[in-house]
Amino acid sequence: MKPAPLHQLAAQLHHAWAHCSPIAPLTDTHPGLTLEAAYEIQKQLVDMRLQTTGARVIGKKIGVTSQAVMDMLQVHQPDFGMLTSDMVVDNGAGIAINRLIAPKAEGEIAFLLKHGLAGPGVTSADVLAATELVLPCLEIVDSRIRDWQIRIADTVADNASCGCVVIGDQGADPRRIDLSLTGMVLEKNGRIATTGAGAAALGHPAQAVAWLANILGQLGSGLLAGEIVLSGSLAAMVPVVPGDYLRLDLSGIGSASVSFI
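Before going into details, it helps to say that this report is about the structure given with it. (Residues numbered from 1 in each chain as written. Predicted model: local features only at pLDDT ≥ 70, side-chain atom pairs only at ≥ 80, totals over all residues. Heavy atoms only, no water.)

1. A few points about helix α7 (residues 205-218)
Heads up, the rule is: Numbered from the N terminus, helices here are DSSP runs of H or I no shorter than four residues, and strands are runs of E no shorter than two. Multiply 1.5 Å by the residue count of a helix minus one, and that product is the helix's expected span. Burial here depends on accessible area, computed with a 1.4 Å probe over protein chains only, as a share of the maximum for the residue type. Under 20% is buried, over 50% is exposed, and the range in between is partly exposed. Note on definitions: a residue-residue contact is assigned when non-hydrogen atoms from the two residues lie within 4.5 Å.
Relative to the 20 Å expected for 14 residues at 1.5 Å per residue, α7 spans 21 Å between its end C-alpha atoms, a close match to the ideal helical length. For α7, the complete set of buried residues consists of Pro-205, Ala-206, Ala-208, Val-209, Ala-210, Trp-211, Leu-212, Ala-213, Asn-214, Ile-215 and Leu-216. Where α7 is buried, its residues meet β1 (57-63), β2 (79-84), β5 (104-113), α5 (124-129) and β10 (228-233). Just downstream of α7, Gly-220 is the residue with a positive phi angle, here 85°.

Structure representation (structure tokens):
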């Protein structure tokens, strides 16, 4: 696709985000949209958001880490998006749901990096050595594509369906626990909504982060010291509506909570 149409698609997604007004799937209006083009749209979309809000990039998120979602989107590897400072919601705070379109919650393990990482050749062991702490994370995903009717190029272009992020106040040294066996419980309004384990993220959350570092290395960039990296959902997404209260518990790591107002 030519540069002008990519910029126009990014502008459409930015308008949808700014006005909470979803649009039709890009892959319906542009059926030839490639992943390469989708990542360029994502880059332009994030640039627009930063210029509009004055926010800054604070990390990255990994999506499509479960085999079920890969099968649904007909892909064989995850995707990624950018986290910006205006996406962060304080642990225990409330999210005004009118700032979102069709929010769903995911429980994840977040990595706070003390050293940068860039491929090729980054391993899970490298990720663990470069990590300051792992933290509990509630990612509130949201889609600017109407009714979540997404293909992989749609969600990539839409910054991997990023919405908001809630990071727990407590963390753990990832070298002292087996993250693949870390159990997750996500409660909604005091009842268990879903459960999972660290192995749901590409077999091990650090493996998911290594994948991202290697992909970014191919693109001439990497993960930076001080960044937060969300390693992927450990269970199915949980829809939320006003009045809902979520609490995430990760065994050996900590908890996070948020309400929707």
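Still more ground to cover, so stick around.
2. Details of the side chain of Lys-60
What counts here: Pairing of N or O atoms within 3.5 Å defines a polar contact, subject to two protein rules: one partner must be a possible hydrogen donor and the other a possible acceptor, and residues neighboring in sequence count only if both atoms are side-chain atoms.
Inspection of the secondary structure assignment puts Lys-60 in strand β1. Residue classification places Lys-60 among the buried residues on the basis of a relative accessible area of 6%. At 2.9 Å, the side chain of Lys-60 and the side chain of Glu-227 are in polar contact. When sequence neighbours within four positions are dropped, the list of residues in contact with Lys-60 reads Gly-81, Met-82, Leu-83, Leu-212, Leu-216, Gly-222, Leu-223, Glu-227, Ile-228, Val-229 and Leu-230.

3. With respect to unusual backbone geometry
For the bond from Gly-119 to Pro-120, the omega torsion is 10°, close enough to zero to count as cis. For Pro-120, the location among the structural elements is in the loop between β5 and α5. A positive phi angle, near 50°, is found at Cys-20, a position not held by glycine. Mapped onto the elements of the fold, Cys-20 is located in the loop between α1 (3-19) and α2 (26-29). The residue Ser-161 is not glycine, and still its phi comes out positive at about 60°. Position of Ser-161 relative to the elements: it lies in the loop between α6 (152-157) and β7 (164-167).

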